[in-house]
Amino acid sequence: MELLKSRSNDKIKLAVSLRESAAKRRGLDLFFLEGVRLCADAAESGTKIAASFFTGKAMDKNPAQVTEIAGKSDSSYLITEELSRFLSDTVMPQGVFCLCKTLDKVKSCNKIDSGGKYLALEKIQNPDNLGAVCRAAEAMGLTGLIVSAGCDVYNPKAQRAAMGSLLRMPIIETDDLGALLAKAAADGMLTLASTSDRVAERITDVPMDGGVICVLGNEGAGVTKETAELCRRSVTIPMRGRAESLNVAAAAAIISWEMTRGN
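This report concerns the structure included in the present document. All figures in this text were calculated on a predicted structure; none of them were measured in a lab.

## A few points about the pattern of salt bridges
Scanning the model with the defined rule gives 12 salt bridges in all. We note a salt bridge from Asp41 to Arg168, for which the minimum N-O separation is 3.7 Å. Taken together, the residues span a long stretch of sequence, with Asp41 in helix α3 (residues 36–45) and Arg168 in helix α9 (residues 165–168) at a distance of 127 residues. On the basis of relative accessible area, Asp41 is assigned to the buried category, the value being 13%. A relative accessible area of 41% means that Arg168 is categorised as partly exposed. Taken together, the shared-partner salt bridges in this structure form one network comprising Asp41, Glu138 and Arg168.

## Re the packing of α3 against helix α5 (residues 63–71)
At their nearest, the axes of α3 and α5 sit 9 Å apart, and the two run at 45 degrees to each other. By the angle between their directions, the pair α3 and α5 is classed as oblique. Crossing handedness for the pair α3 and α5: left-handed. Contacts between α3 and α5 pair Val36, Cys39, Ala40, Ala43 and Glu44 from the former with Gln65, Glu68 and Ile69 from the latter. Here the residues of the contact of α3 with α5 are counted per class, giving 5 nonpolar, 1 polar and 2 charged.

## Digging into the packing of aromatic side chains
All chains considered together, the criterion is met by 3 aromatic pairs. Residues Phe31 and Tyr154 carry aromatic rings whose centres are separated by 4.6 Å and whose planes lie at 35 degrees to one another, so their mutual orientation is tilted. Of this pair, Phe31 sits in strand β2 (residues 30–34) while Tyr154 sits in the loop between β7 (144–148) and α8 (156–162), and the two are 123 residues apart along the sequence. Take Phe31 and Tyr154: they sit in the same class, and that class is buried. Between Phe32 and Phe97, the aromatic rings sit 6.0 Å apart at their centres with planes inclined by 35 degrees, giving tilted as the arrangement. Residue Phe32 is located in strand β2, and its partner Phe97 is located in strand β5 (residues 96–101); the two are separated by 65 residues in the primary sequence. With a relative accessible area of 1%, Phe32 lands in the buried category.

## Description of the packing of helix α7 (residues 127–139) against helix α12 (residues 248–260)
Close contact between α7 and α12 brings their axes to 9 Å; oriented N to C, the two are set at 15 degrees. Here α7 is positioned roughly parallel relative to α12, judged by the angle of their axes. Every pair of crossing elements has a handedness; the one defined by α7 and α12 is right-handed. For the pair α7 and α12, the contacting residues are Asn129, Ala132, Val133, Ala136 and Ala137 in the first and Val248, Ala249, Ala252, Ala253 and Ser256 in the second. A class-by-class count of the residues in the contact of α7 with α12 yields 8 nonpolar, 2 polar and no charged.

## A closer look at helix α1 (residues 10–20)
Of all the positions in α1, only Ile12, Ala15, Val16, Ser17, Leu18 and Arg19 are classed as buried. Between the side-chain oxygen at the start of α1 and the backbone nitrogen of Lys11 there is a gap of 2.8 Å, and the oxygen is on Asn9.

## With respect to the sheet that holds strand β12 (residues 233–236)
What the 7 strands build is an open sheet, ordered β8-β7-β6-β11-β9-β12-β10; its pairing is parallel. Of all strands in the sheet, those with a lone pairing partner are β8 (171–174) and β10 (201–202), marking the two edges. Taken together, the 4 bridges between strand β9 (residues 190–194) and strand β11 (residues 212–216) define a ladder with parallel strand orientation. The partner of Thr191 across the bridge, within β11, is Ile213. On the sheet, α12 packs against β6 (117–122), β9 and β11 and is oriented at approximately 165 degrees with respect to β11.

## As for unusual backbone geometry
Unusually for a residue other than glycine, Asp29 sits at a positive phi of about 55 degrees. Positionally, Asp29 belongs in the loop between α2 (22–28) and β2. Here the phi dihedral of Ala149 falls at roughly 60 degrees; this positive angle occurs in a residue that is not glycine. Assignment of secondary structure puts Ala149 in the loop between β7 and α8.

## A word on the nonpolar core
Core analysis: the largest hydrophobic core is formed by 51 residues, its most contacted members being Leu33, Ile69, Leu119 and Leu145. Membership of the second largest hydrophobic core comes to 16 residues, among which are Leu4, Ile12, Leu30 and Leu87.

## Overview of the sheet that holds β5
One open sheet holds the 5 strands; their spatial order is β1-β4-β3-β5-β2, and the pairing between them is mixed. Whereas interior strands pair on both sides, the edge strands pair on one side only; in this sheet they are β1 (2–4) and β2. Each adjacent strand pair in this sheet contributes to an overall mean axis angle of 25 degrees, direction not counted. In the sheet, strand β3 (residues 49–55) pairs with strand β4 (residues 76–79) via 4 bridges, with the strands oriented parallel. Directly across from Phe54, in β4, lies its bridge partner Leu78. Relative to β3, α5 is tilted by about 150 degrees, and along the sheet it contacts β3, β4 and β5.

How each quantity is defined
Residues numbered from 1 in each chain as written. Predicted model: local features only at pLDDT ≥ 70, side-chain atom pairs only at ≥ 80, totals over all residues. Heavy atoms only, no water. Salt bridge = Lys/Arg side-chain N within 4 Å of Asp/Glu carboxyl O. Helix = DSSP H or I, 4+ residues; strand = E, 2+ residues; numbered from the N terminus. Buried < 20%, exposed > 50% of the residue type's maximum accessible area, 1.4 Å probe, protein only. Axes fitted to C-alpha atoms, helices over the stretch in contact; angles between N-to-C directions. Parallel < 35°, antiparallel > 145°, perpendicular 65-115°, else oblique. Left-handed = near helix turned anticlockwise from the far one by under 90°. Contact = heavy atoms within 4.5 Å. Nonpolar A, V, L, I, M, F, W, Y, C, P; charged D, E, K, R; others polar. Phe/Tyr/Trp six-rings, centres within 6.5 Å; stacked < 30°, edge-to-face > 60°. Polar contact = N/O pair within 3.5 Å; in protein donor to acceptor, adjacent residues only side chain to side chain. Pairing = 2+ DSSP bridges. Core = buried A, V, L, I, M, F, W, Y, C linked by side-chain atoms within 4.5 Å.

Written out as structure tokens, the structure reads:
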């Protein structure tokens, strides 16, 4: 395993650029992962790993995981502790990093299962929220996640918050959420717009038989008016306290539970 020591090494510079730039990730069809568990999840889930990097300490502490990750990598490198801190996006780096090939997140309405249950995220800006929503959706057994605009699903913060869910969960990226919702409705799916407006229909009262897509909106503005008008119904989570709304990740967990409760 080749030892890398310099920040100016091309492979290290590539890793940093993928960590920091969504445009670079899109242009090269590669993304950056950090941490023992997340990189091991990538190896286990069949994500193609172009390169992996390990410190000596990480190899000694996690021999089984390092062996699996390195075995699934096109190339592997030993790095110094100083380079680990340079690569890391966290306070306490674990000394394990991967550069992975982007997944099959095809921009196509044809990826929708008309009998499935989906959350659709419109212009979500916070990568931690994106990751947490995906984690909740996978935990509740949803069919997949639809992402329209907003932050990049390959953002390292989103990947960490998802704890592997963004690697495993079927995700559909779309530039035209309206067209996707229109086709879903034509295919017989129930389309819902989530809102904090307490006069909206309580989500606990909505039958969730068959295929359903529920749209959650931007952290500050919510679902856009145009998108809400395309949905068959607007729904809200009934709340007894004085809080006016929930964080989008908390709302997603509740809505996911309601969508799958009868299954």
